[in-house]
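# Observations on the model geometry
Here's the letter readout for the chains.
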Amino acid sequence: MGTAANGREKNMELNTAATPQLSRRELLAGAGSSLLIAASPRGANASAPSPSPIPTEENTKPFDLLIKGGRVVDPSQKLDEILDVAIHDGKIARWEKDIPADQARQVIDAKGKIVTPGLIDVHTHIFPYVGPYGIEPDPYCVARGVTTALDAGTSGAFTFPAFRHFVISSAATRVRALLHIVSIGMVAGSTPNMGELEDLRYCVPDLAVRVAEENRDLIVGFKIRFSEKYTGPNDLEGLKRARAAADQARLPLMTHIGGSYTPLPELLALLKNGDVMTHTFNSLRHGILDPAGKIIPEVLEARRRGISFDVGHGAGSFSFDVMEKCMQQGFLPDTISTDLYSANIHGPVFDMPTTLSKFLLLGMSLTDVIARCTINAAKLFNFGAEIGTLRPGAEGDVAVLDLAAGDFTFTDSDGKTRQWRQKLNPVVTVRAGKLFYPAAA
Ligand SMILES: [Zn+2]
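Just so it is clear, the model here is predicted, and its values are computed rather than measured.

## Quick notes on the overall build of the protein
- Across its full length, the protein carries 14 helices and 15 strands.
- The buried share of the protein, reckoned over its 441 residues, is 58%.
- Here the contacts in the protein between residues at least 6 apart in sequence split such that 76% fall between residues at least 24 apart.
- With the model as given, the accessible surface of the protein reaches about 17200 Å², and the carbon-plus-sulfur share is 54%.

Laid out in structure tokens, this is it:
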């Protein structure tokens, strides 16, 4: 499977992703709001190419951008202190206790804010208009702290070319994909009797492998969903085919659990080191707890074998009760992700900062929470870039967040609520050195 180190060796950034511009779609979506106002390091005329190479005081400054005075939380470097972070040419240039403001063309005052590596969401659905799930990536990802989003199987071999052409190539968010093992992807949604694995003719490993090989720069693994409503009795056969594809392409496999036809231990037995289980903390049938609330031994054994356990909150897949029982047994998620799609962006998920807040209320430290959506996530897949860290030389991806104080109510996927006195909110996101703001509420 891929690693962040592999990613450094072959940086495959799309040019379009490195120079985000407002597309017609974003302009329409952002009318009347502050959505995606790409701030200019050189003032109002910066969108026009500079016609003159003559050095001026402005363009002789060593940094494009300085994020000043924030609490920098970067678990990859064990940082949690007040620091300034400088960005130049789309990369992290330096962090230090005090970098003078006049060293940069543009300065963000981050005093009182939290500054982290750009967040990585390893489970989203951001292929809009093809099936019921997909949302536009930029308003929900890069505008809200997430600089890299992994689409978890919305597209399959038949639909990935459209995803690549119409969405990934023009998104400001760095988008990577897990290709659904079923060639039609998730176009049918939850339509009764039309689940993607109910007709195994669409589940062809060779087809999935071919498309993955042709799109190695963007496809970082395969996805399969185990819920009886999407599989009928075919989940085990589907997994065997997904296993064959993953082995042939040497890519990891993300498996969605929750209400499966086949009991979980039989499915876990086919997973290998580097694979990821998502929706881990759901309250549905064939989950990770036994009737007494104990984690089943096969799950603990799978973790020892190198299988990672992701949150994938979603509208139906995250239970405070299950999560609390797991935490009491010392079983924390390896990564925290949203499973953002059309039916949960207005609750209970909303976005990544809201999802992270739920783990603060459950008692995890800010550092432990941020690790699970930065460096831990970066290690799972080969994203083709050095991300999840503010190490000098890494991608210039930064999230500036506010840890607001107040009285907040959070809701899980079962409609159960918890109160907490803090909530993380996105303030501004830096992606490859450019700035993005959340849309006005
Ligand atoms: Zn999902």
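## Describing the coordination of the zinc ion
- Surrounding the zinc ion are the protein donor atoms His123 (NE2), His125 (NE2) and Asp339 (OD), at 2.1 to 2.3 Å.
- Each donor residue of the zinc ion belongs to the same chain, and together they define the spacing H-x1-H-x213-D. Taken as a pair, His125 in the loop between strand S6 (119–124) and helix H4 (137–140) and Asp339 in the loop between helix H11 (320–328) and helix H12 (352–361) lie far apart in primary sequence, 214 residues in all. For the pair formed by His125 and Asp339, the shared burial category is buried.

## A word on the confidence of the model for the protein
- Scored by pLDDT, the protein has a mean of 89; 86% of the residues are at 70 or more.
- Confidence drops under a pLDDT of 50 for residues 1–51, and excluding neighbours within four residues, the segment shows 87 contacts in the predicted structure.

## What to know about the sheet that holds S6
- As summarised here, the arrangement of the seven strands in space is S6-S7-S8-S9-S10-S11-S12, forming an open sheet in which the pairing is parallel. At either margin of the open sheet sits one strand with a lone partner, and together these are S6 and strand S12 (308–309).
- Note that S6 and strand S7 (residues 146–152) share four bridges and pair parallel. Bridge pairing in S7 places Leu119 opposite Val146.
- Sheet contacts for helix H5 (residues 160–167): S7, strand S8 (174–180) and strand S9 (219–225); angle to S8, the most-contacted strand, approximately 170°.

## Concerning the pairing of strand S14 (residues 417–431)
- As paired elements, strand S13 (residues 398–411) and S14 share twelve bridges and run antiparallel to each other. Residue Ala404 lies in a different strand from S14, and its bridge partner there is Lys423.
- Connecting the antiparallel pair S13 and S14 is a turn made up of five residues, with Gly415 showing a positive phi of about 80°.
- Pairing geometry for S14 and strand S15 (residues 434–436), over three bridges, is antiparallel. Paired with Thr429 across the two strands is Phe436, which belongs to S15.
- Hairpin connection, S14 to S15: the antiparallel pair is bridged by two residues, and Ala432 has positive phi, about 50°.

## Here we look at the pattern of salt bridges
- Summed over the entire model, instances satisfying the criterion amount to 27 salt bridges.
- Ionic pairing is found between Lys416 and Asp321, a salt bridge with its closest N-O pair at 2.6 Å. With Lys416 in the loop between S13 and S14 and Asp321 in helix H11, this residue pair connects regions lying 95 residues apart in the sequence.
- With relative accessibility at 39%, the residue Lys416 sits in the partly exposed group.
- Classification of Asp321 as partly exposed rests on a relative accessible area of 26%.

## Structural notes on the pairing of strand S10 (residues 253–256)
- Side chains Leu253 and Thr255 of S10 all project onto a buried face; the interleaved residues Met254 and His256 project onto the opposite face, where all are buried too.
- Of the strand pairs in this sheet, S9 and S10 are connected by four bridges, and their pairing is parallel. When the bridges of S10 are listed, Ile224 appears paired with Thr255.
- Alignment of S10 against strand S11 (residues 276–278), held across three bridges, turns out to be parallel. Across the sheet, Met254 pairs through a bridge with Val276, a residue of S11.

## Focus on the packing of aromatic side chains
- In total, this model carries eight aromatic pairs according to the counting rule given.
- Judged by centre distance (6.1 Å) and plane angle (75°), the rings of Phe381 and Phe383 are edge-to-face.
- Residue Phe383 is classed as buried on the basis of its relative accessible area of 2%.
- Taken together, Phe127, Phe160 and Phe163 form an aromatic cluster joined through their ring pairs.
- The positively charged end of Arg225 is found above the aromatic ring belonging to Tyr230, 3.5 Å away from the centroid.
- The ring of Phe331 has Arg303 lying over it, and the distance from NZ or CZ to the ring centre is 3.9 Å.

## Structural notes on H11
- All of the buried residues along H11 are Phe320, Val322, Met323, Cys326 and Met327. Taken end-on, H11 shows its buried residues confined to a sector of 165°, consistent with a single buried face.
- At its buried positions, H11 is contacted by H12, S13 and S14.
- Measuring from the side-chain oxygen of the N-cap residue of H11 to the backbone nitrogen of Asp321 gives 3.2 Å; that N-cap residue is Ser319.
- The positive-phi residue at the C-terminal boundary of H11 is Gly330, with phi of around 75°.

## Quick look at the environment of Arg421
- Its place among the elements puts Arg421 in strand S14.
- In sequence terms Arg421 and Leu360 are 61 residues apart; their C-alpha atoms lie 9.9 Å from each other.
- When residues no more than four places from it in sequence are discounted, the contact partners of Arg421 are Ala404, Ala405, Gly406 and Phe408.

## Topic: the packing of helix H6 (residues 205–214) against helix H8 (residues 235–249)
- Where H6 contacts H8, the axes come no closer than 9 Å and their chain directions differ by 35°. You can see that H6 and H8 cross each other, and the crossing is right-handed. Counting all contacts with H6, which are made through Pro205, Asp206, Val209 and Glu213, the residues of H8 involved are Arg241, Ala245, Gln248 and Ala249.
- Within the contact of H6 with H8, the residues separate by chemical class into four nonpolar, one polar and three charged.

## Focus on the side chain of Thr354
- Position of Thr354 among the secondary structure elements: in helix H12.
- Of the residues examined, Thr354 reaches a relative accessible area of 4% and is grouped as buried.
- A distance of 2.6 Å separates polar atoms of two side chains, one belonging to Thr354 and the other to Asp351.
- Setting aside chain neighbours within four positions, we find Thr354 in contact with Val349, Phe410, Lys423 and Leu424.

The rules behind these values
- Residues numbered from 1 in each chain as written.
- Predicted model: local features only at pLDDT ≥ 70, side-chain atom pairs only at ≥ 80, totals over all residues.
- Heavy atoms only, no water.
- Helix = DSSP H or I, 4+ residues; strand = E, 2+ residues; numbered from the N terminus.
- Buried < 20%, exposed > 50% of the residue type's maximum accessible area, 1.4 Å probe, protein only.
- Contact = heavy atoms within 4.5 Å.
- Areas by Shrake-Rupley, 256 points an atom, 1.4 Å probe, with all protein chains shown as cover.
- Donors = N, O, S within 2.8 Å, 3.2 Å for Na, K, Ca; no water.
- pLDDT = per-residue confidence, 0-100.
- Pairing = 2+ DSSP bridges.
- Axes fitted to C-alpha atoms, helices over the stretch in contact; angles between N-to-C directions.
- Salt bridge = Lys/Arg side-chain N within 4 Å of Asp/Glu carboxyl O.
- Phe/Tyr/Trp six-rings, centres within 6.5 Å; stacked < 30°, edge-to-face > 60°.
- Lys NZ or Arg CZ within 6 Å of the ring centre and 35° of its normal.
- Arc of directions from axis to C-beta.
- Polar contact = N/O pair within 3.5 Å; in protein donor to acceptor, adjacent residues only side chain to side chain.
- Left-handed = near helix turned anticlockwise from the far one by under 90°.
- Nonpolar A, V, L, I, M, F, W, Y, C, P; charged D, E, K, R; others polar.

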